[in-house]
Amino acid sequence: MKLLTIAISLLCLLPTPWGQATSAQEAVPRVTVSDDTNADPTLDSDLASDLKRRRDALAEKMDKCGMVILFSAPQRNKSGDTDYPYRQSSHLFYLTGIRQADTILLLLAHHEKVTPAFLFLQTVSPEDELWYGKHLRREEGSRLSGIDSIYATSEFDKIFTQLMRSDAGLLDRHHLGKHPFFAGRRQKKTVVYLDLQRKADEEGDMSREKRFAQRFIARFPDARSRDIGTMLAELRLVKSPAELARMQKAMRITEQALCMVADEMQSGVYEYEIRALIEYVFQQHEADWAFPAIVASGANTTTLHYPYGRRRLEDGDLLLLDIGASYDYYAADITRTLPVNGTFSKEQRDIYEIVQAAQEAAFATIKPGVKFAQIHQRAVETVSQGLLRLGLIDNVESGAYNLYFMHGTSHWLGLDTHDVGPHNIPLTPGMVLTVEPGIYVSPDLLVRAQQMFGDEFAQKIAAQVVRYQNIGIRIEDDVLVTQNGCKILTSGIPSKIEEVEAWLQKK
Ligand SMILES: [Mn+2]
């Protein structure tokens, strides 16, 4: 309770890491975005024009005899009659801007400057609206998505069947008579694109897309199904200005949460109290969390995805915070590892310097044309040399660095925290990725060292491993690829040792 009171008073005057106090309103740049509820959602015109451009881009790439069908994410049950808050599937949101459950998008290939699109929306009875609030009307769905042909979700099977049977009435109504899809029907060349990469809701189950594919192929054996996930993922890689504005707002909110933690962090505070502060700042700015916050202290810092924690912070601890707000569906992802008492110990400093140097080396590699593997390679080289210097490995060739740094350096960032898209493609301006090297001297490190590299190696490093044991450090920033290099989007929070200590000691 004490923490919350302090939190509220602090929010009126949040200190920024560079010293001067700024009001919360100023610190978070204003971006006007739509309301995230069902009640009369409105959409920025910038995002609306993005939607049409995205559908056109997808419809240009697909087979002329193809049809895309995207289903919304299911409503997920938490327990009993309580569901989790609804989150639209990122692919469907990317193409329609619709946040509502029970939505379907059907697209045909781009033809004569038009991408024929059908949007199916849930219809709700007045009684249901009394309980669950307003749902989108046809006109609202049309205005939000920029799609003119709106139907009820219950009509989807009928419309799909009419399209597959080249129903003359429907083709006339939508001026589709000359569309190549229907010539393709006659030539038995029809392809139905589905997000076949979507995970099933339960293990062993089939996704809705796979079940749908089985059903329609039984009815229309001359048609084939094909995955659209990869094509969509590639489109999502390069961010538009409207997307970047949302991501940057999510980053500013995440930075504010880190500022709040820096102010409240002291021995005696529990990990869950720190998490509560983070979520408070997120929600205070109308944001959600993009992923459950990782708040890890002491030895917990060596667990990469440390779950909900209830350890009490102690003097001399490190606190690893891997957190990200999601603003209007767009994610941020930042990690800082901070000394609870404001000063790094000699051992913490030794490890921190290596991780920081690895991050710098990775930043210096990033420019158009480079691939993830090259960025990671530079980080690994720097980490390996550092570990060798500290006697934590005995040579840089063996791959023993992997005992300490066992994850990748980068992932894509966007609508999803681990955003979709292949990792083996050259960087292009407009892509956003994370850079997050780490070193973790976990309690079981010597056991793993012995299993993987033998007794002699384990004995050689034992004394140094004990010295650095339970130190886990990761530094993560979000980076935009530019024409000549990259721009670090999350440099608002200090990450260099001297700056971190100066920041923490000022509080
Ligand atoms: Mn990350």
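What counts and what doesn't
- Each residue is numbered by its place in its chain's sequence as written, counting from 1.
- Note on the predicted model: pLDDT of at least 70 is required for a residue's local features to be given, and 80 or more for side-chain atom pairs to be given and counted; whole-chain, interface and lining totals, by contrast, use all residues.
- Burial is judged by counting other C-beta atoms within 10 Å of a residue's own C-beta: 20 or more means buried, 12 or fewer means exposed, and anything between counts as partly exposed, with every C-beta placed from the backbone.
- The helix and strand labels rest on DSSP assignments: H or I over at least four residues marks a helix, E over at least two residues marks a strand, and numbering proceeds from the N terminus.
- DSSP calls a pair of strands paired once it identifies at least 2 bridges connecting them.
- An axis is simply a line fitted to the C-alpha atoms; with a helix, the fit covers only the stretch in contact. Between two such axes, the angle follows the N-to-C directions and lies from 0 to 180 degrees.
- As used here, a nonpolar core is made of buried Ala, Val, Leu, Ile, Met, Phe, Trp, Tyr and Cys residues. They are joined through C-beta atoms within 7 Å.
- Throughout, the edges of the domains are those of an automatic or database domain assignment.
- What counts as a contact here is a pair of residues whose C-beta atoms, placed from the backbone, lie within 7 Å.
- For this classification, Asp, Glu, Lys and Arg are treated as charged, while Ala, Val, Leu, Ile, Met, Phe, Trp, Tyr, Cys and Pro are nonpolar and the rest, including Gly, are polar.
- Here roughly perpendicular refers to angles of 65 to 115 degrees, roughly parallel to angles under 35, roughly antiparallel to angles over 145, and oblique to all remaining angles.
- In a left-handed crossing the near helix is turned counterclockwise from the far helix by less than a right angle, and in a right-handed crossing that turn is clockwise.
- pLDDT expresses, on a scale from 0 to 100, how confident the predictor is about each individual residue.

Here we take up the pairing of strand 3 (residues 66-71). With respect to burial, strand 3 is a largely interior element, six of its six residues being buried. Here strand 3 shows no split at all, with Gly-66, Val-68 and Leu-70 on one side and Met-67, Ile-69 and Phe-71 on the other all buried. Relative to strand 9 (residues 191-194), strand 3 runs parallel, the two being bridged by three bridges. Its bridge partner being in strand 9, Gly-66 is matched across the sheet by Val-191.

The next subject is the sheet that holds strand 20 (residues 477-481). Ordered by their spatial adjacency, three strands build an open sheet running 17-20-21, and the pairing between neighbours is antiparallel. Lying at the two open borders of the sheet, with one neighbouring strand each, are strand 17 (432-435) and strand 21 (486-488). The average angle at which neighbouring strand axes cross in this sheet is 35°, direction not considered. In terms of strand pairing, strand 20 meets strand 21 through three bridges, oriented antiparallel. Paired with Leu-480 across the bridge in strand 21 is Lys-487.

We now examine the sheet that holds strand 9. Two pairing modes exist for strands in a sheet, parallel and antiparallel, and in both the strands are linked by backbone hydrogen bonds. If you trace the six strands from one edge of the open sheet to the other, you get 8-7-6-3-9-10, paired in mixed fashion. The two strands at the open ends of the sheet, each matched to only one other strand, are strand 8 (149-152) and strand 10 (224-227). For this sheet, the mean angle separating the axes of adjacent strands, direction not counted, is 25°. Two elements, strand 6 (residues 104-108) and strand 7 (residues 117-121), share four bridges in a ladder whose sense is antiparallel. When the sheet's bridge partners are listed, Ile-104 is paired in strand 7 with Phe-120.

This part covers the nonpolar core. The biggest cluster of nonpolar side chains holds 130 residues, and the ones touching the most others in it are Val-68, Ala-250, Val-261 and Ile-439. Broken down by element, the residue count for this core peaks at ten residues, all from helix 12 (residues 241-264). Both domain 1 (45-235) and domain 2 (238-505) contribute no fewer than three residues apiece to this core. What Val-68 contacts, discounting residues up to four positions off in sequence, is Leu-58, Met-62, Leu-106, Leu-107, Tyr-193 and Ile-228.

With that settled, consider the domain arrangement of the protein. Its domain assignment divides the protein into domain 1 (45-235) and domain 2 (238-505). The centre of domain 1, based on its C-alpha atoms, is set 38 Å off from the matching centre of domain 2. Elements represented by at least two residues in the side of domain 1 that touches domain 2 include exactly helix 3 (45-61), helix 4 (90-96) and helix 11 (229-237). Of the residues contributing to the side of domain 1 that touches domain 2, the split by class is four nonpolar, one polar and three charged.

Moving on to the environment of Val-295. With respect to the element layout, Val-295 can be found in strand 12 (residues 294-297). For the pair Val-295 and Tyr-272, spaced 23 residues apart in sequence, the C-alpha separation works out to 7.8 Å. Leave out the neighbours within four places in its chain, and Val-295 touches Glu-271, Ile-274, Arg-275, Gly-309 and Leu-321.

Quick look at the packing of helix 14 (residues 346-365) against helix 15 (residues 372-389) now. For the pair helix 14 and helix 15, interaxial distance at closest approach is 8 Å and the crossing angle is 155°. It follows from the interaxial angle that helix 14 and helix 15 lie roughly antiparallel. As helix 14 packs across helix 15, the resulting crossing turns out to be right-handed. Listed contacts from helix 15 to Ile-354, Ala-357, Ala-358, Ala-361, Ala-362 and Thr-365 of helix 14 are Gln-374, Ile-375, Arg-378, Ala-379, Thr-382, Val-383 and Gly-386. Along the lines of polarity and charge, the residues of the contact of helix 14 with helix 15 split into eight nonpolar, four polar and one charged.

Summing up the model confidence of the protein, the mean pLDDT is 90 and the portion of residues at 70 or higher is 91%. Residue range residues 1-43 is modelled with pLDDT below 50. Its contacts to residues more than four positions away, or to other chains, number 66 contacts.

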